[in-house]
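Letter by letter, the chains look like this.
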Amino acid sequence: MDVSHLLDELNEAQREAVTAGSGHMLVLAGAGSGKTRVLVHRIAWLIQVEHVSPMGLMAVTFTNKAAGEMRGRVGKLLGIAPNGLWIGTFHGICHRLLRLHAREAGLPETFQILDSEDQYRLIRRLIRDMEFDEGEFPPRQVQGFINHHKDEGRRPDEIEVWDQGFQASQVEIYRHYQAACERTGLVDFAELLLRTVELLRDRPERLAHYRQRFGHLLIDEFQDTNTLQYALVRLLAGDDNRLFVVGDDDQSIYGWRGARVENVQHYARDFSPLVVRLEQNYRSTGTILEAANRVIDHNDDRMGKNLWTEGEPGEPIRVFAAYNAEDEADFIIGRIEDWIRAGRKPSEAAVLYRSNAQSRLFEQALLRADIPYRVYGGLRFFERAEVKDAMAYLRLVHNRDDDSAFERVVNVPARGIGQRTVAELRQAAGSRGLSLYQAAVALCAEDALAARARKAVGAFITLIDGLAGELTDAELGPAMDRIIQATDLIEHYRGREAPDRVEAREENLTELVRAAETFSQPFEDEQAGLSPLASFLAQAALEAGEHQAEHWQDCVQLMTLHSAKGLEFPLVFMAGMEEGLFPHSRSVEEPGRLAEERRLCYVGMTRAMELLYMSFAESRQLHGQTSFSRPSRFVGELPEHLTESIRPGLTTRPAGPTSPQPEDGLPPLGAQVRHPSFGDGTVVEREGQGANTRIQVHFEQAGPKWLIAGYAPLERLS
DNA sequence: GTGCGACGATTTTAG
DNA sequence: ATCGTCGCAC
């Protein structure tokens, strides 16, 4: 067979990966080195050359977007829809396996996926029920605790309790939370994976079946896998199946949410794969690549990789020193205007920043300049309150025992069922082993509620019952529409929010009806015996949708450095390159976290194709207070011959004469000071104003210290 | 049971 | 500054 179409467009390293023979593979794929192309061509190669059945392949990614892109490109390359081929996210694939084997996994057939917000609400409620202090056990933190242990594959009994107080209590909450989920058939995101691992571990015949079936496993973004995901991969691989793993240890930026870069090394150790490095970059200029290489070179323990390009060196990296954050925004928007004036498109420009709070100034400046923009981040479609409310009604109508949905909407819109009444329902449900809905029916029948509450609860039951009867055989779209009308959701928002907010919510609900109308069930879900409704609900949870309704416009892109991963732009601005912001102050203490910040910087730089700007501000408003800072150490790691300073002279300490310094009699930046116990040092940062001003002093002996300027016994030396 | 003012925390985020 | 949660008054 002629396989030239699979190999023609590949370089030597890519070709080696695509055509690899019998063993396992590890593809260390640098930024912009054509990693998706290699994965797609590898799948086509396996099917067309090695004659592997599409049914015998599993390809796993982290995002739905990546899965969708891979599916589309494989289909295009093969010339057919790759039906039967399991391409999906870890969560999507685990969900499918659990649907197929719900019973054996110990789950009801109707189990529902609990998204992060539902999970948070449930945990918060349990903490209250267990009469723990929410201040001492912040629900967010407990949620993190539970998810962290699940990501590591641990059940409550498997957690080593070393502290009888705080930690033991969190384990107890985890235990209660898990019991509540089991009772009501709820599965959170981490649970999708953990259950699947346990299913395969405890059911040898199932494991044998899937090992038999999936002779080839391809895993993308391996540096982002957590312990559980690696465990799943190992289980499915067994001794005989072939792994094709793609990753880049230099782009590991999700350690804080459980990702283990070490998995790349562990994989190399456990499976002795053939290692191929993709180092030829097709995206950025030579200058950008060299600078990025030099920055990432400051990290230890790398697997080692050096990006290169056949292309031109291009423009130097522009480093801009702003007086303050407004100045920085104006400068950046000015350069974007230049870009557009030169005939380039706004959508080719991206402003990247470390934290979402930084977006505001850029939005304002872009608004003033009348340049269209799009901000990534914030709530996604299925995470919006009105959409979640409507979906909760849909869930409740479909399954009246869905307690999570019941809790969410029982009093939305307000119908006189307050905390008091709901607590009684919970109480009754708990003691009699009923769902909240069943408890509500029972208490009404027994006349066990206050007259007013009884009437309100009765009306709610009638509403849900009526809808359920009416919509038994209805199509998804009309059902959704009817539910929104019958529940008066829009009126509910109209009564309590500003008109423009209400309008937006109304649009989203219209969009939701449209989404329900146009929903078409994925082939694989149908195969797994799911109803269209179940598929729709699962998709809403697993693919929360876009951040913004797609008005496909030619927009400047604003996003965090994290969300920029995987994207590329001809013109990139990295803003807020300041110590404390980037690297973030919470990351500088631990070397491991600092290394991750540096990788984030590397990711940001390698997004740029033609022109890269880095900027920092000497001062900016942070949490309502002015704070001063020095340029990021990452800027200092750029080789000088690759950069061009704009407005130089302000970039070095002590600050130049034009730098604004508050006249408050406290030692300014750069001042030499003496402390009775720490010795002599230099003032390097200050935060806040007046008596609260905190200053950071680099002491020659004692190192960096934060001091309250008004109280610290400091003596000015210069 | 609902609505408003005080209080405190505030990196990154897919599924 | 800003947002979300809590406690108190209607």
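For clarity, every value in this text was computed on a predicted model and none was experimentally measured.

**Structural notes on the protein's contact with DNA strand B**
Turning to step 1, where the next piece is worked out: Near DNA strand B, the surroundings consist of 29 residues, among which Asn 64, Arg 354, Asn 356, Arg 380 and Thr 560 are the closest.
Turning to step 2, where the next piece is worked out: Each atom of DNA strand B within 4 Å of the protein belongs either to a base or to sugar and phosphate, the latter forming 49%.
Turning to step 3, where the next piece is worked out: Within the contact set of DNA strand B, a base oxygen lies 3.0 Å away from a side-chain nitrogen or oxygen of Ser 116.
Turning to step 4, where the next piece is worked out: Between DNA strand B and the protein, one listed contact pairs a base oxygen with a side-chain N or O atom of Trp 256 at 3.4 Å.

**Focus: the protein's contact with DNA strand C**
Turning to step 1, where the next piece is worked out: Lining the immediate surroundings of DNA strand C are Tyr 120, Arg 124, Arg 128, Glu 134, Arg 360, His 623 and Gly 624.
Turning to step 2, where the next piece is worked out: The sugar-phosphate portion of DNA strand C accounts for 47% of its atoms within 4 Å of the protein, the bases making up the rest.
Turning to step 3, where the next piece is worked out: Arg 128 has a polar side-chain atom sitting 3.2 Å from a phosphate oxygen of DNA strand C.
Turning to step 4, where the next piece is worked out: A distance of 3.3 Å separates a phosphate oxygen of DNA strand C from a polar atom in the side chain of Arg 360.
Turning to step 5, where the next piece is worked out: Sorting elements by how many residues they give to the surface near DNA strand C places helix H6 (residues 116-129) first, with three residues.
Turning to step 6, where the next piece is worked out: Residues belonging to the surface near DNA strand C are distributed by class as follows: one nonpolar, two polar and four charged.

**Considering the domain arrangement of chain A**
Turning to step 1, where the next piece is worked out: By domain assignment, chain A separates into domain 1 (4-97 + 195-280), domain 2 (112-184), domain 3 (317-380 + 548-646), domain 4 (383-534) and domain 5 (672-716).
Turning to step 2, where the next piece is worked out: Centre-to-centre separation of domain 1 and domain 3, based on C-alpha positions: 33 Å.
Turning to step 3, where the next piece is worked out: Domain 1 puts 15 residues into the contact, and the matching count from domain 3 is 11 residues.
Turning to step 4, where the next piece is worked out: If you sort the residues of domain 1 by the area they bury against domain 3, Asp 250, Gln 251 and Ile 253 come out on top, with a joint share of 47%.
Turning to step 5, where the next piece is worked out: Counting every contact that joins domain 1 to domain 3 gives two salt bridges.
Turning to step 6, where the next piece is worked out: Asp 224 serves as the salt-bridge partner of Lys 565, at 2.7 Å between the closest nitrogen and oxygen.

**Quick word on unusual backbone geometry**
Turning to step 1, where the next piece is worked out: For the peptide bond that leads from Val 412 to Pro 413, omega is -5°, which places it in the cis range.
Turning to step 2, where the next piece is worked out: Position of Pro 413 relative to the elements: it lies in the loop between helix H17 (403-409) and helix H18 (419-432).
Turning to step 3, where the next piece is worked out: In this structure, Pro 583 follows Phe 582 across a cis peptide bond, with omega equal to 5°.
Turning to step 4, where the next piece is worked out: A positive phi angle, close to 55°, is found at Asp 301, a residue other than glycine.
Turning to step 5, where the next piece is worked out: On the secondary structure map, Asp 301 appears in the loop between helix H13 (286-296) and strand E9 (317-324).
Turning to step 6, where the next piece is worked out: Phi is positive for His 623, which is not a glycine, with a value near 55°.
Turning to step 7, where the next piece is worked out: Classification of His 623 by relative accessible area gives exposed; the value is 83%.

Conventions and cut-offs
Residues numbered from 1 in each chain as written. Chains lettered and ligands numbered in written order. Predicted model: local features only at pLDDT ≥ 70, side-chain atom pairs only at ≥ 80, totals over all residues. Heavy atoms only, no water. Near = heavy atom within 4 Å. Polar contact = N/O pair within 3.5 Å; in protein donor to acceptor, adjacent residues only side chain to side chain. Helix = DSSP H or I, 4+ residues; strand = E, 2+ residues; numbered from the N terminus. Nonpolar A, V, L, I, M, F, W, Y, C, P; charged D, E, K, R; others polar. Domains from an automatic or database assignment. Contact = heavy atoms within 4.5 Å. Buried area = accessible area lost by both parts, 1.4 Å probe. Salt bridge = Lys/Arg side-chain N within 4 Å of Asp/Glu carboxyl O. Buried < 20%, exposed > 50% of the residue type's maximum accessible area, 1.4 Å probe, protein only.

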